[in-house]
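Results of the structural survey
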Amino acid sequence: IILQSIILPWQLIAILLIVMVYWILVLHYRKSAVDLQRLDATSRSPVQAQLAEAIDGTSTMKVFGKTSHFSNVFRAALDENSGMMMNFMAAHRWLAVRIQMLGACSVLFSVAFVAAWNDVLNLDPGIAAMLIVWSANFTISLSFFVQGISESEASMTSLERVVAMTEIPQEEEEAR
């Protein structure tokens, strides 16, 4: 951003507008992404529990002829989890498309301004190219920033689940 502002000070106006729109998008995304990620995590627990039960009780299920019942229950839980995961991934892609569009706007502004005002600015071709490349890299920086936020929030969601598990009432031990 600093290099872009030094080469073309008017670029700073476009960058500030893009960052404001970006921040609004991130705030909108974060509201739903945390809940979608929580839903994905909570819908994954029954899948893992049923898989462990099926592995441990395979012989019992076969003896009582309940294989198809457990298979249907597992498939229903897996479908539920797949739906939650797809919703989370769709929200992530929604944000990624908008970040790419903001990056394209940054590059478009740089190219248009250099092309329109190159007679007045007298920029060397190398400097103009560097401005355009750094405008494109701006999008990559925004994407990494969002990825960092998402990963930290994912860690916090996992921590919330661990805390919730520790607050479950424990059975009392029998005196021997």
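These lines cover the structure that appears in this document, whether it is placed above or below. (Residues numbered from 1 in each chain as written. Predicted model: local features only at pLDDT ≥ 70, side-chain atom pairs only at ≥ 80, totals over all residues. Heavy atoms only, no water.)

1. Some thoughts on the overall build of the protein
Within the protein one finds five helices and zero strands. Helices and strands appear in the protein in the N-to-C order α-α-α-α-α. Against the compact-globule benchmark of 16 Å for 176 residues, the protein has a radius of gyration of 26 Å, which places it well outside the compact range. The principal-axis extents of the C-alpha atoms in the protein amount to approximately 90 × 40 × 25 Å. In the protein, 86% of the contacts between residues at least 6 apart in sequence involve partners at least 24 apart. The distance from the centre of the 11 positive side-chain charges to the centre of the 16 negative ones in the protein is 7 Å. (Helix = DSSP H or I, 4+ residues; strand = E, 2+ residues; numbered from the N terminus. Rg over C-alpha atoms; globule rule 2.2 N^0.38 Å. Contact = heavy atoms within 4.5 Å. Lys, Arg positive; Asp, Glu negative; His and termini not counted. Charge placed at Lys NZ, Arg CZ, Asp CG, Glu CD.)

2. Some remarks on the nonpolar core
By size, the foremost hydrophobic cluster in this structure holds 17 residues, and its most contacted members are Tyr22, Tyr29, Leu95, Ile99 and Val146. Among the secondary structure elements, those contributing two or more residues to this core are α2 (11-56), α4 (67-121) and α5 (125-166). Top element by residues in this core is α2. It accounts for eight residues. Counting seven residues, the second largest nonpolar core, distinct from the first, contains Phe113, Val114, Leu123 and Leu131. (Core = buried A, V, L, I, M, F, W, Y, C linked by side-chain atoms within 4.5 Å. Buried < 20%, exposed > 50% of the residue type's maximum accessible area, 1.4 Å probe, protein only.)

3. Comments concerning α2
In this model α2 runs 63 Å from its N-terminal to its C-terminal C-alpha over 46 residues, within 8% of the 68 Å that 1.5 Å per residue would give. The largest bend in α2 amounts to roughly 30 degrees and is located at arginine 30. (Expected span 1.5 Å × (residues − 1). Bend = angle between axes of the 7 residues up to and from the residue.)

4. Thoughts on the packing of aromatic side chains
Counted by the stated rule, this structure contains three aromatic pairs. Seen in terms of ring centroids, tyrosine 22 and phenylalanine 145 are 6.3 Å apart; in terms of plane orientation they differ by 50 degrees. Their pairing is tilted. One end of the pair, tyrosine 22, is in helix α2; the other, phenylalanine 145, is in helix α5, with 123 residues separating them in the sequence. What makes phenylalanine 145 partly exposed here is its relative accessible area of 43%. Where phenylalanine 109 meets phenylalanine 113, the ring centres are 5.6 Å apart and the plane angle is 20 degrees; that geometry is what we call stacked. Here phenylalanine 109 pairs with phenylalanine 113, and both are found in helix α4, just four residues apart, close to one helical turn. Given the relative accessible area of 27%, phenylalanine 109 is considered partly exposed. Overall, phenylalanine 113 belongs to the buried group, its relative accessible area being 15%. (Phe/Tyr/Trp six-rings, centres within 6.5 Å; stacked < 30°, edge-to-face > 60°.)

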